[in-house]
Amino acid sequence: MTDPRLADLARRAPETRLLTEPSDLEHYGRDWTRRWTPAPLAIALPSTAGDVQAIVRWAREHQVAIVPSGGRTGLSGGAVAAHGELVVAFDRMNQVLGFDPVDATLTVGPGIALEAVQNAAREHGLAYPVDFAARGSCSIGGNIATNAGGIRVIRYGLTRQWVAGLKFVTGTGELLELNRGLVKNASGYDLRHLVIGSEGTLGMVVEATLWLAPPPPPTHVMLLAVPAMDALMRVFAVARVKLQLEAFEFFTDRALEHVLAHGAQAPFDVLSPYYVVAEFDAGDEASQAAALDMFEACLEAGWVTDGVISSSDAQAASLWRLREGITESLARYKPYKNDISVRIGAVPAFMADMHGLLAREYPTFDVVWFGHIGDGNLHINVLKPDELDQESFVAQCEVVTKHLAAMLHKHGGSISAEHGIGLVKKPYLEGTRSHEEIALMRGIKAVLDPDGIMNPGKVL
Ligand code: MLT
Ligand code: ZN
């Protein structure tokens, strides 16, 4: 270890594994954005909270920035290390540490994958209901850092709702135990909720206690072809009353075409402008009949032109693949991603405005819409034309995002619903948060991270 700073770190945190091979620096220095060239100083793989505290104290002394790192599946550049930072990766802190059957909580290390948490909950006859396509590779620490949402928010809420307690190392190296699994706790500010969604800018989660839900009831999945956006919102209004919804997602014909080109099976003979994937409770005949009635009523009203309801788990999975396969099918085009939200009731008015903006600004680009329409979260992916270089493409998209941020401001929305601000959305934060709020955020950061070593340049 030629860098004397790293030699000092190895002395002070002897159980921490340090990696400096170029392939490791590249692997751990980036997330799914692929816009920045990774250039960290080194990768630290701690195995205990004590290691993490030692790393922070070392970083303060040497004025080295820290980038906390989970599964690096983020889409906003929150885990990018491109300026000589120390990446603190939680691969070795990925165990299930405890299960409490009375509290129905699972305690885990931050590096555990979301899917491993879901499986562990299932083994105890319970469920961890936050869910999305990156479940196999994203980590709970990253989920907490971005307050991850996904496909079941409409029923179960965001990650925030399931965090019962956190052990957290601040930017000063203090170890805090936040909320300790209490259901009721009225003893002052709930710092746990300040940490959730802070994108590694205040410190690092070193242990999480998660509430588990009762096992979900049997469900069916419905795929609907929908002719227009206003029809889609009408279908949603009916579905949320008639069915117990687990998920209500949408995508466009362009999204479907990309997924089909990527190997999925076409659901219907004729292409439709919009599609809905809805999952609903179907544990008894009454709920199955309600779904059929709802489908027939929507068909009669002309809000739906075709549809299918799953009759097996395999069919349900193949219907979900049409929605969950979108991100992967678009990856080769290096899409510029927008992850925005408005109140559910404001979706139609916002969509109408946004349609106009996108048609005007991106007349020739392939713009792919999909997302969590049931909770007001839309993903708008703009695909890079092959002939355009990455830099000009991003520059063009950033101009449009400024207009989009202004439009979100007008409709009371947010520039990031669930992916986080990171590096990608930082220039637009002021569009949807007030100066006063941002000043308070800076003040909070200054208290928890006075040397500015925690994920600098991200969010603020
Ligand atoms: C999704 O909903 O599929 C994810 O947020 C990923 C994405 O936006 O690409
Ligand atoms: Zn999403």
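Note that the coordinates shown come from a computational prediction; the quantities given were computed from them, not determined experimentally. (Residues numbered from 1 in each chain as written. Chains lettered and ligands numbered in written order. Predicted model: local features only at pLDDT ≥ 70, side-chain atom pairs only at ≥ 80, totals over all residues. Heavy atoms only, no water.)

Asks: Looking at this structure, how should I read the coordination of the zinc ion (ligand 2)?
Replies: Six octahedral donors around a metal ideally subtend angles of 90 or 180 degrees, whereas four tetrahedral donors ideally subtend 109.5 degrees. Here the zinc ion (ligand 2) is held by H372 (NE2), H379 (NE2) and E418 (OE), and the distances to it run 1.9 to 2.2 Å. In terms of primary sequence, the donors binding the zinc ion (ligand 2) are separated according to H-x6-H-x38-E. Taken together, the residues span a long stretch of sequence, with H379 in strand 16 (residues 377-383) and E418 in the loop between helix 14 (390-411) and helix 15 (429-432) at a distance of 39 residues. This pair shows no difference in class: H379 is buried, exactly as E418 is. (Donors = N, O, S within 2.8 Å, 3.2 Å for Na, K, Ca; no water. Helix = DSSP H or I, 4+ residues; strand = E, 2+ residues; numbered from the N terminus. Buried < 20%, exposed > 50% of the residue type's maximum accessible area, 1.4 Å probe, protein only.)

Asks: Even after reading the chapter, I still don't get the domain arrangement of the protein chain, so can you show me in this structure?
Replies: A common way to express how large an interface is: the accessible area buried when the components associate. Domains assigned within the protein chain are domain 1 (4-89), domain 2 (96-211), domain 3 (219-327) and domain 4 (334-436). Distance between the C-alpha centres of domain 1 and domain 4: 31 Å. The partner domain 4 presents 11 residues to the eight residues of domain 1 that form the contact. Of the roughly 790 Å² buried at the junction of domain 1 and domain 4 (both faces included), carbon and sulfur atoms supply 63%. When the buried area of domain 1 at its contact with domain 4 is split by residue, R35, L75 and S76 rank highest and sum to 74% of it. (Domains from an automatic or database assignment. Contact = heavy atoms within 4.5 Å. Buried area = accessible area lost by both parts, 1.4 Å probe.)

Asks: What is the right way to read the pattern of salt bridges from this model?
Replies: Close approach of charged atoms lets side chains of opposite charge pair. In the structure shown here, the tally under the stated rule is 23 salt bridges. Linking R11 and D8 is a salt bridge whose minimum nitrogen-to-oxygen distance equals 3.4 Å. Residue R11 and its partner D8 are both found in helix 1 (residues 4-12); the two are separated by three residues, about one turn of the helix. A relative accessible area of 62% places R11 in the exposed class. A salt bridge links R35 to E398; the nearest nitrogen and oxygen atoms lie 3.2 Å apart. Taken together, the residues span a long stretch of sequence, with R35 in the loop between helix 2 (22-28) and strand 2 (42-45) and E398 in helix 14 at a distance of 363 residues. The exposure class of R35 is partly exposed, given its relative accessible area of 27%. (Salt bridge = Lys/Arg side-chain N within 4 Å of Asp/Glu carboxyl O.)

Asks: What exactly am I supposed to notice about the site of ligand 1 here?
Replies: In the vicinity of ligand 1, the residues found are L75, R323, T327, K337, F370, H372, H379, E418 and H419. A distance of 2.7 Å is found between an oxygen atom of ligand 1 and a side-chain nitrogen or oxygen belonging to K337. Residue H379 places a side-chain N or O atom 3.1 Å away from an oxygen atom belonging to ligand 1. Of the residues assigned to the shell around ligand 1, the class counts are two nonpolar, four polar and three charged. (Near = heavy atom within 4 Å. Polar contact = N/O pair within 3.5 Å; in protein donor to acceptor, adjacent residues only side chain to side chain. Nonpolar A, V, L, I, M, F, W, Y, C, P; charged D, E, K, R; others polar.)

Asks: Whenever I open this one, the pairing of strand 3 (residues 66-69) confuses me. Can you help?
Replies: A regular strand carries its side chains on alternate faces of the sheet. Of the two faces of strand 3, both are covered, the one formed by I66 and P68 as well as the one formed by V67 and S69. Direction of pairing for strand 3 relative to strand 4 (residues 86-89): parallel, over a ladder of four bridges. From the neighbouring strand, S69 faces strand 4, where its bridge partner is A89. (Pairing = 2+ DSSP bridges.)

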